Amino acid sequence: MSTARLGALLAIAMSACKGAPPPAPPPAAPVATATRADAPAGSGARARKSASVDTMFGTTVPDPYRWLEDGSAPEVKAWAAAEDRTTRAWLAEQKDRDAIAERVKSLVYIDADSPPIRRGKREFFERRARDREKGVVMWSEKGGEPKALLDPLAIDPEGKTSLGVWVPNDDGTKVAFALKENNADEATLHLIDVATGARSTIDVIPGAKYATPSWTPDGRGYYYTWLPVDPQIPVSERPGYAEVRFHKLGADPKTDVVVREKTGDATTFVQAELSHDGRYLFLTVSRGWSENDLFVRTMDLASSPGSEGPGKKRGFVPIAAGQAHRYRVVAFKGRFYLATDDGAPRYRIFAIDPNKLAREQWKEIIPEDRQAVIVDHRVIGGRLALAY
């Protein structure tokens, strides 16, 4: 089997193994750009180079255009406006532009179904049609005819509402999903009963911009990241207000238990994921895109989820903290399987005993590859599957 085909099959298997991933975003419209040689003389704006640098694994990496990341800065707005004028003027002169656009449209806008996700006796997938901008979440049972479950255009015929993340519970009876009004980034979590199609009027949670529900095995509730929607809080400061909460189905979201309180640091972000068996709750505290801390809380399966006692850390113990590295973990049959770039820029895998979390007790089971980067790892069918 070719490497490319193996990678594709692994990607499909992984997507079916994890709780429903966020639906794939709509295809981006084709973007044409003008080379400086083809652009009208003196048009546009040359992007200045700053002295910004990063040090990664002992290597200095220049980042001279980092200043362009601040979209609200007057200098960035002026540069973008000048580039926009240049690009549009150049595109307007291209005689074959419409033909190219039609060809790209024929390749991008196609009928397609996503890989199915099996929960209990049901399967869920997203169906996209070439003549619709928004996909529809479908479900079927025992090989039966697929039925529409979540159709953004049925929810809002004007097309101003988009569907965000959607996650079925383990037995496939309910789906937690996010709706985005005005097709914006802000999102609100909702709940739908699969068999009846009835949407709960109680389980409605605003502040779900970055929420991916992590269900308990019994399907009675889920953990999620909540973000305040207070307009008085600057958008750039909101990550520091993020909290991990637990929502019990049928309860007023205002009473949801705070499992991990806000950090108060806008450069950090918190999120949590419950292991498939419900025994371990993993907490990730990210600092930017290049490093994170990883904590775990061993759950008392005899008590109610979300019943943690008071205190900021709520019983979490560190697996890895205070290091300038990335860590991601999955649990299976009493073992943690952790991928990290600590000492391995292309990542390696360790097996960890939950009762022996000290770094020196980790056991490396998959070393760093000389060329390929480990981008994901899951347990599928009792085996550890890697995506490079």
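Definitions and cut-offs
- Residues numbered from 1 in each chain as written.
- Predicted model: local features only at pLDDT ≥ 70, side-chain atom pairs only at ≥ 80, totals over all residues.
- Heavy atoms only, no water.
- Helix = DSSP H or I, 4+ residues; strand = E, 2+ residues; numbered from the N terminus.
- Buried < 20%, exposed > 50% of the residue type's maximum accessible area, 1.4 Å probe, protein only.
- Contact = heavy atoms within 4.5 Å.
- Areas by Shrake-Rupley, 256 points an atom, 1.4 Å probe, with all protein chains shown as cover.
- Core = buried A, V, L, I, M, F, W, Y, C linked by side-chain atoms within 4.5 Å.
- Pairing = 2+ DSSP bridges.
- Polar contact = N/O pair within 3.5 Å; in protein donor to acceptor, adjacent residues only side chain to side chain.
- pLDDT = per-residue confidence, 0-100.

Just checking my understanding: could you explain the overall build of the protein for this structure?
Scanning the protein from terminus to terminus reveals 4 helices and 25 strands. In the protein, buried positions account for 38% of the 388 residues. Considering only contacts within the protein whose residues lie at least 6 apart along the sequence, 41% involve residues at least 24 apart. Carbon together with sulfur atoms contributes 53% to the accessible area of the protein, which is approximately 22200 Å² in total.

Help me understand the nonpolar core, please; the structure alone is not making it clear to me.
Most often, soluble globular proteins keep nonpolar side chains buried together rather than apart. Within the largest apolar cluster, 16 residues are counted, with the highest numbers of intra-cluster contacts made by Y223, V244, V259, V270, L281, L283 and F316. Per element, the largest residue contribution to this core is 4 residues, and it comes from strand β16 (residues 268-274).

I keep staring at the sheet that holds strand β12 (residues 214-215) and nothing clicks. Help me out?
Strand pairing in a sheet relies on backbone hydrogen bonds. The paired strands run either parallel or antiparallel. With antiparallel pairing, 4 strands are arranged side by side in an open sheet as β12-β13-β14-β15. Edge positions in the sheet fall to β12 and β15 (257-260), since each has one partner strand and no second. Sheet topology places β12 next to strand β13 (residues 221-226); 2 bridges connect them, and they run antiparallel. Bridge pairing in β13 links S214 to Y223.

Could you clarify how one ought to interpret the side chain of D151 in this entry?
Secondary-structure assignment places D151 in the loop between β7 (147-150) and α4 (152-155). On the basis of relative accessible area, D151 is assigned to the buried category, the value being 19%. Side chain to side chain, D151 and R132 meet in a polar contact 2.6 Å long. The residues contacting D151, other than those within four sequence positions of it, are R132 and V136.

Looking at this model, I keep getting lost on the confidence of the model for the protein. Mind explaining?
Note: predicted coordinates in regions of low pLDDT should not be interpreted at a detailed level. Confidence in the prediction for the protein averages 87 pLDDT; 85% of positions are at 70 or higher. Segment residues 1-42 is flagged for pLDDT under 50; beyond a separation of four residues in sequence, or across chains, it makes 64 contacts in the model. Per-residue pLDDT stays below 50 along residues 309-313; that stretch engages in 5 contacts with residues further than four places along the chain or on separate chains.

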